[in-house]
Amino acid sequence: KMEWNIEQYIQDRPSKLRWDVKKVLVVDDDPVMRDSISRGLFLYGYDYVTASSTWEVMEILKSKVGRTVDLMLADLSEPGKFGMELVQNVLRLRPALPVIVVKGLKSSPTIEALRALGLTILPKPFDPDVLDVTIKSMLPKGEAEVASGQ
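The rules behind each value
- Residues numbered from 1 in each chain as written.
- Predicted model: local features only at pLDDT ≥ 70, side-chain atom pairs only at ≥ 80, totals over all residues.
- Heavy atoms only, no water.
- Helix = DSSP H or I, 4+ residues; strand = E, 2+ residues; numbered from the N terminus.
- Buried < 20%, exposed > 50% of the residue type's maximum accessible area, 1.4 Å probe, protein only.
- Lys, Arg positive; Asp, Glu negative; His and termini not counted.
- Salt bridge = Lys/Arg side-chain N within 4 Å of Asp/Glu carboxyl O.
- Contact = heavy atoms within 4.5 Å.
- Core = buried A, V, L, I, M, F, W, Y, C linked by side-chain atoms within 4.5 Å.
- Pairing = 2+ DSSP bridges.
- Right-handed = clockwise from strand over helix to strand, strands pointing away.
- Arc of directions from axis to C-beta.
- Axes fitted to C-alpha atoms, helices over the stretch in contact; angles between N-to-C directions.

A.B. asks: What's the story with the side chain of R34 in this structure? I'm lost.
C.D. replies: Within the secondary structure, R34 is located in helix α2 (residues 31–43). Of the buried charged residues, R34 lacks a salt bridge, with D28 as the closest side chain of opposite charge at 5.7 Å. Leaving out residues up to four positions away in the same chain, R34 has contacts with V26, D28, D29, T50, A51 and S52.

Listed below in structure tokens is the structure:
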């Protein structure tokens with residue numbers, strides 16, 4: 001059994017454990033992927049909250065926790081209406097919320113529609129470093145520096 005030592009983590013990554021950490025809403029219907037992405041975000045110094053459905057996303061964004069979400073990362077591997085409906089609902093509720101959409105396909109009518117909304121598309125599979133750089137590029141400059149501990 002592997003044990004995780006929080007004390008060692010604090011020593012190794014002191015700049016990452018701050019009160020001003022940025023929060024990412026991770027949306028994926030696959031629990032394994034949701035967990036994997038969330039753990040990666042944590043290791044890069046982000047806080048996160050997860051959801052597996054449009055209903056959960058909307059409930060989170062309407063809650064106190066949701067008001068602290070700085071960016072949404074949504075895996076829209078399901079083609080068609082689900083992805084567009086989710087994004088449209090989120091943007092109606094939080095028009096200024098930066099959104100990164102993770103898709104397996106590089107081009108499709110859905111992807112083109114998402115791009116037309118001004119969303120960032122991250123093709124699968126993606127490198128965690130690329131995700132980190134993408135997130136930082138979408139936060140206002142001062143916030144990106146805080147998230148990186150600079």
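The discussion continues.
A.B. asks: Quick question: what am I supposed to make of the nonpolar core here?
C.D. replies: Nonpolar side chains tend toward joint burial in soluble globular proteins. Judged by nonpolar contacts, the single largest core of 23 residues is most densely connected at L25, V57, M72, L86, V90, V101 and L114. Only β1 (23–27), β2 (47–51), α3 (54–62), β3 (69–75), α4 (81–93), β4 (99–103) and α5 (109–116) provide two or more residues apiece to this core. Contact partners of V90, with chain neighbours within four places excluded, come to V57, M58, L61, M72, P95 and L97.

A.B. asks: Any chance you could explain the pairing of β2 here in plain terms?
C.D. replies: Along any regular strand, the residues point their side chains to alternate faces of the sheet. Bridge analysis of β1 against β2 gives five bridges, and the strand direction is parallel. If you follow K23 over to β2, its bridge partner there is D47. In this view, the connection linking β1 to its parallel neighbour β2 by way of α2 has right-handed handedness.

A.B. asks: In this structure, what is going on with α3? I would like to understand it.
C.D. replies: At 3.6 residues per turn, the α-helix brings residues three or four places apart onto the same side. Those residues of α3 not exposed but buried are T54, V57, M58, I60 and L61. Buried residues of α3, viewed axially, fall in a sector of 160 degrees; they line one side. Opposite its buried face, α3 presents the exposed residues W55 and K62, each directed more than 90 degrees away.

A.B. asks: In this structure, what is going on with the sheet that holds β3? I would like to understand it.
C.D. replies: Sheet strands associate in pairs through backbone hydrogen bonding, adopting either a parallel or an antiparallel arrangement. The five strands lie next to each other as β2-β1-β3-β4-β5, forming an open sheet whose pairing is parallel. What marks the edges here is a single partner per strand, and that holds for β2 and β5 (120–123). Across the sheet, the mean angle from the axis of one strand to that of its neighbour is 25 degrees, orientation sign disregarded. Packed on one face of the sheet, α3 meets β1, β2 and β3 and runs near 135 degrees to β2.

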